[in-house]
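Structural description and commentary
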Amino acid sequence: MKGDCLEDSYHVSMIINLLVQFPDIFTISFNLASSTCSLSYMVRNELDKEDYITFCRQVEENIEAYHFLQKKEHRKVAVRKKTLRGFTKIEIDLCGIYINDEISLITHYIRDRYGETLISEIRPEELELSEESYEPWQEILEYFMNRTRGNNAKNLFAFRDAGKVYVFDK
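This report concerns the structure included in the present document. (Residues numbered from 1 in each chain as written. Predicted model: local features only at pLDDT ≥ 70, side-chain atom pairs only at ≥ 80, totals over all residues. Heavy atoms only, no water.)

A word on the nonpolar core
This is how it is decided: By convention a nonpolar core is built from buried Ala, Val, Leu, Ile, Met, Phe, Trp, Tyr and Cys residues, the set being connected through side-chain atoms within 4.5 Å. The buried label goes to any residue with under 20% of its type's maximum accessible area, the exposed label to any with over 50%, and the partly exposed label to all in between, with areas taken from a 1.4 Å probe on protein chains only. Numbering of helices and strands starts at the N terminus; helices are DSSP runs of H or I of at least 4 residues and strands are runs of E of at least 2. Any pair of residues with heavy atoms lying within 4.5 Å of one another is described as a contacting pair.
In terms of nonpolar packing, the biggest core is built from 32 residues, with Phe55, Val79 and Ile92 touching the most fellow members. Counting residues per element, the ones that place at least two in this core are helix H1 (2–21), strand S1 (27–31), strand S2 (36–43), helix H2 (49–70), strand S3 (77–84), strand S4 (87–95), helix H3 (100–114) and strand S5 (155–161). Those residues in contact with Val79, other than ones at most four positions away along the chain, are Tyr52, Phe55, Cys56, Val59, Ile90, Glu91 and Ile92.

A short note on the pairing of strand S6 (residues 164–169)
Defined as follows: Note on pairing: two strands pair once DSSP finds at least 2 bridges between them.
Note that S5 and S6 share 6 bridges and pair antiparallel. The residue bridging Phe157 from the neighbouring strand is Phe168, located in S6. Here S5 hands over to S6 after 2 residues, with Ala162 in that stretch at a positive phi of 50°.

Structural notes on the state of the cysteines
In plain terms, the rule: For this text, the term disulfide refers to a pair of cysteine sulfurs within 2.5 Å.
Across all of its chains, the model carries 0 disulfides by this definition. Note on Cys37: no disulfide assigned, nearest cysteine sulfur contributed by Cys95 at a separation of 9.9 Å.

A short note on the side chain of Glu60
Following the sequence through the fold, Glu60 ends up in helix H2. For Glu60, the residues in contact, after removing those within four places along its chain, are His74, Lys76 and Val77.

A look at the pairing of S2
Among the 8 residues that make up S2, 7 are buried, leaving the element largely enclosed by the rest of the structure. With 5 bridges joining them, S1 and S2 adopt antiparallel strand pairing. Residue pairing across strands places Phe30 opposite Cys37, the latter belonging to S2. Taking the residues that link successive antiparallel strands as the turn, the S1-S2 hairpin has 4 residues, and the phi of Ser35 there is positive, at about 50°. Where S2 and S4 come together, 8 bridges link them in antiparallel fashion. Its bridge partner being in S4, Tyr41 is matched across the sheet by Ile90.

Listed below in structure tokens is the structure:
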């Protein structure tokens, strides 16, 4: 029984690490059964149709180029948007194993594209932590995103608020 709790805690730790490392991520949903991760970002304005189409194409091209250079099998990403009272919530679904590199690539692209209009709890330049402090997670993420047998947690949802990370099992 303790092994199950420990195994579940690794998935929670992985999600917490992602939210701490990438404060621009608004929420993360992770379905353990399907190994599907959904990242959301909030932008302070409404995206027009042309900007959204360009954004979707660029995200797909960036991920495809990364997989080509890393000699990995390419998996498509799904991008959705929701407009909420002058804000836009961008949701990106990643199927299969997506490690920090892919999430980092997407997050940095969104940060570069939307700049100060991207809602972030802590601006990246204010972080005192170096990216090297997260290197052990590169190997661990790939391993644990495949570990689903025997897990009680099925669908994790996480977000940041006031410097804290909250993770729920829906």
